[in-house]
Amino acid sequence: MPVTVMVAGGAPLGGEVRVPGDKSISHRALLIGALGEGTSVVRGLSDGDDVRRTREALAACGAEVHHDGDVVTVTGGRGVLHAPGAPLDCGNSGTGMRLLAGLVAGLDGETVLVGDASLSSRPMDRVAAPLTAMGATVTGRGARCRPPLTVRGGELRGVEWTPEVASAQVKSAVLLAGLAASGVTVVHEPVRTRTHTEELLALAGADIDVVDDGAGRTVRVRASSLRPFDLIVPGDPSQAAFWVVAGCVVPKSAIRVRGIYAGETRAGFLGVLARMGASLDVATRTEDGVAPSADVAARPALLTGTVVHASEIPSLDEVPALAVAAACAEGTTRFVGMGELRVKESDRLEGAARLVGAMGAAARVEGDDLVVEGVRRGGRLRHFRFDSGGDHRMAMAAAVAALAAGPGESRVDGFSGVATSYPAFLQHLRHLGGSARVQLVAIDGPAGSGKSTVSRELAARLGVARLDTGAMYRAVAWAALERGVDPSDAAAVAELARDAVIDPGPPDVVIDGVDVTGAIRGAGVNAAVSTVAANPAVRAVLVERQRAWAAAHGGGVVEGRDIGTVVFPTADLKVFLTAAPEERVRRRHDEAADGISRRDELDATRAASPLARADDAKLVDTTGRSVEDVIEEVLSWLR
Ligand code: DC
């Protein structure tokens, strides 16, 4: 997933998408499946990083988890699960960590739960407290018990617990621990939160009982032996919210999102949008058993500001998307009681206000409230630059904001976080007619100047694809030698290039089905390639393919001799690498010094797009510098 994405606004969106399987349900299906005595079959599981971590964590605890296309099977049971030998890495997922804490509290022995930097800064005291009250020992860093979290479980007893802040994660952790506790475990919720754990526990035959009381709910569970189940995970409403909002705010759009979970605690954002005047068509289906799902069609309408209470959207996951809708609306929208947004993957209260401001509307934080002044009257949306800080929801909200902002390209940094929850997001954006691209970086320079090393590392750091155009010229030279075509027979080599199917990799360079990754670095090709590359007709063919490659990848890092001058004269960044001749010879130890200088001479003096530095290319002398040092300098130009 690219780190930085440029999203263009101004075009209407249209079509249908199916968002990833709901993350909340996916985590719970895996956990409860792992507790079932037998094999559960789950379809449509979220394919994001978060859920993958939970899958791996359960496997580390002894469950057998198999993945076959869209179908995941989980085989577990009380007799199978055990405390894992190594820490469980929950990555970025607060849900994963809190729910796993509840599950491992019921296992004998000690489990350590770790996460990435963002998760490591999130408080775990709200799960630690009830699990401790049940007899587990839970320790973390500081007063708020931040990860790494160590849970020593076994011998639990039921408790009666009222979470101080409404939280489905805390409720679920307590209920999962309750399955292994003596007596009854009771959770009183002052405000109802998402009910997936209760629904799935009921499906798995747990001894569970749920009573609604006013705005809240009481859930009771006793130690139970669970049975396996089959489940189709419906689409994630919090991901659907991005497309529904896009349908409401991008002029002349018509978007249908299919099969999204439509249980009462998750569809609050639809009510908010409807109140703002959105044109929504919601078709609900309930035949999927425990998981009612809906198709939602959204079209633009004149939106007006409203007041949104946290209780309408208990997880607050849809607030960033709704803030974008509010920015596009007429009047003021007040999001009341949003303090919890501060402790999500990033401070989303600050982030949402910053995004709204960046797109040309106004926002302020008043205590725990977010107040958005929409632009409908007077103001104008504009394209912008926004750093999501790696928070996936902020990045996706910013992409929707960019689509709504009218003509022009917006830049969203920290986009790679989207891989945690919605790997196909950009694919879906393009499928709906939106345009998103990554930066195009041109790296030119003579042989041995460090192009390959720098471009490889740079592409990895930017999360984008890399094209070695030299490998394409080399592949054509190899094919000419292989087929007995004289490299200086311009017409014959050009014909060969036109007819050849070249896959430049990485990792493997393949021409007409033959893997030539190693062969193109040999002495024969070294000697012939400059002649082949000086052939204007060959260049015409390969340059066209290089441009097609970039179009297909939406950008990337491309290295060669003429990338900044001829192939991509409008590249976002052009870098021209050089190095002292002795150092270049040393780096190309497999090629004779006189061979390299002859090749450089030919490449730099030929008539057809010779090796040259573009006027606007940054010059970097890599002599005696570390790769890291050069990469940092190049990255600094992209920031
Ligand atoms: O980068 P390299 O050494 O693998 O490139 C092999 C040859 O291909 C090089 O001698 C010049 C030629 N080349 C070119 O003319 N234009 C490019 N864009 C890339 C390589």
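Here the structure is a predicted model, which means the values were calculated and not measured.

> I would appreciate a short explanation of the packing of helix α11 (residues 348-358) against helix α12 (residues 392-404) in the present structure.
To describe two helices that pack against each other, one gives the angle between their axes and the distance between the axes. At a closest axis distance of 11 Å, the pairing of α11 and α12 adopts a crossing angle of 15 degrees. When the axis of α11 is compared with that of α12, the two are roughly parallel. Crossing geometry of α11 relative to α12 is assigned as right-handed. Judged by residue contacts, Arg348, Gly351, Ala352 and Leu355 of α11 engage His392, Arg393, Met394, Ala397, Ala398 and Ala401 from α12. Split into classes, the residues belonging to the contact of α11 with α12 amount to six nonpolar, two polar and two charged.

> Would you mind going over the pattern of salt bridges with me for this structure?
Between side chains of opposite charge, pairing is possible as soon as their charged atoms come close. A full pass over the atoms with the stated rule returns 56 salt bridges. Glutamate 591 is the partner of arginine 588 in a salt bridge, and the nearest nitrogen-oxygen pair spans 3.6 Å. The partner of arginine 625 in a salt bridge is glutamate 633, with the nearest N and O atoms 2.8 Å apart. One salt-bridge network, in which partners are shared between bridges, spans Arg122, Arg194, Asp317, Glu345, Arg348, Asp391 and Arg393.

> How do you make sense of the sheet that holds strand β29 (residues 502-503) when you look at a structure like this?
The pairing of strands in a sheet happens through backbone hydrogen bonds and is either parallel or antiparallel. Read from one edge to the other, the open sheet built from three strands follows the order β29-β30-β31, with strand pairing classed as antiparallel. Only two strands of the sheet have a single partner each, and these edge strands are β29 and β31 (514-515). In terms of strand pairing, strand β30 (residues 510-511) meets β31 through two bridges, oriented antiparallel. If you follow isoleucine 511 over to β31, its bridge partner there is valine 514.

> In this structure, what is going on with helix α5 (residues 125-133)? I would like to understand it.
Structural remark: α-helix, 3.6 residues per turn; residues separated by three or four positions point the same way. Within α5 the residues assigned to the buried category are Val127, Ala128, Pro130 and Leu131. Turning to α5, the residues buried within the fold contact α3 (94-104), β8 (137-141), β11 (160-161) and α6 (168-178). Taken from the residues just after α5, glycine 135 is the one with a positive phi, measuring 115 degrees.

> Got a minute to help me understand the sheet that holds strand β26 (residues 435-437) in this structure?
Taken together, four strands build an open sheet; the order of strands is β24-β25-β1-β26 and the sheet is mixed. Edge strands, defined here as strands with exactly one partner in the open sheet, are β24 (385-387) and β26. Neighbour to neighbour, the strand axes of the sheet diverge by 20 degrees on average, direction disregarded. For strand β1 (residues 5-9) and strand β25 (residues 408-413), the ladder comprises five bridges, and the chain directions are antiparallel. Within β25, the residue paired with valine 5 across the bridge is valine 412.

> Help me out: how do you make sense of the pairing of strand β14 (residues 207-213) in this one?
On any regular strand, side chains alternate: one points to one face of the sheet, the next to the other face. Pairing of β14 with strand β15 (residues 216-222) involves seven bridges; the strand directions are antiparallel. Within β15, the residue paired with isoleucine 208 across the bridge is valine 221. Between the end of β14 and the start of β15, which pair antiparallel, lie two residues, with glycine 214 showing a positive phi angle near 60 degrees.

> Where do I start with the nonpolar core in this structure?
Core analysis: the largest hydrophobic core is formed by 80 residues, its most contacted members being Trp243, Leu273, Phe335, Phe384 and Phe425. Examining the composition of this core, we find that eleven residues originate from one element, α12, more than from any other. Excluding its chain neighbours within four sequence positions, the residues that come into contact with phenylalanine 384 are Leu355, Ala358, Met359, Ala398, Ala401, Ala402, Ala405, Glu409, Ser410 and Arg411. Counting residues in each nonpolar core, the second largest holds 62 residues, with Val104, Val127, Val221 and Leu231 among its members.

> Which parts of the structure should I look at to understand α3?
Burial within α3 is extensive, with eleven of its eleven residues counted as buried. Residues Gly94, Thr95, Gly96, Met97, Arg98, Leu99, Leu100, Ala101, Gly102, Leu103 and Val104 constitute the buried set of α3. With a side-chain oxygen lying 2.9 Å from the backbone nitrogen of glycine 96, the N-terminal cap of α3 falls on serine 93.

Calculation rules
Residues numbered from 1 in each chain as written. Predicted model: local features only at pLDDT ≥ 70, side-chain atom pairs only at ≥ 80, totals over all residues. Heavy atoms only, no water. Axes fitted to C-alpha atoms, helices over the stretch in contact; angles between N-to-C directions. Helix = DSSP H or I, 4+ residues; strand = E, 2+ residues; numbered from the N terminus. Parallel < 35°, antiparallel > 145°, perpendicular 65-115°, else oblique. Left-handed = near helix turned anticlockwise from the far one by under 90°. Contact = heavy atoms within 4.5 Å. Nonpolar A, V, L, I, M, F, W, Y, C, P; charged D, E, K, R; others polar. Salt bridge = Lys/Arg side-chain N within 4 Å of Asp/Glu carboxyl O. Pairing = 2+ DSSP bridges. Buried < 20%, exposed > 50% of the residue type's maximum accessible area, 1.4 Å probe, protein only. Core = buried A, V, L, I, M, F, W, Y, C linked by side-chain atoms within 4.5 Å. Polar contact = N/O pair within 3.5 Å; in protein donor to acceptor, adjacent residues only side chain to side chain.

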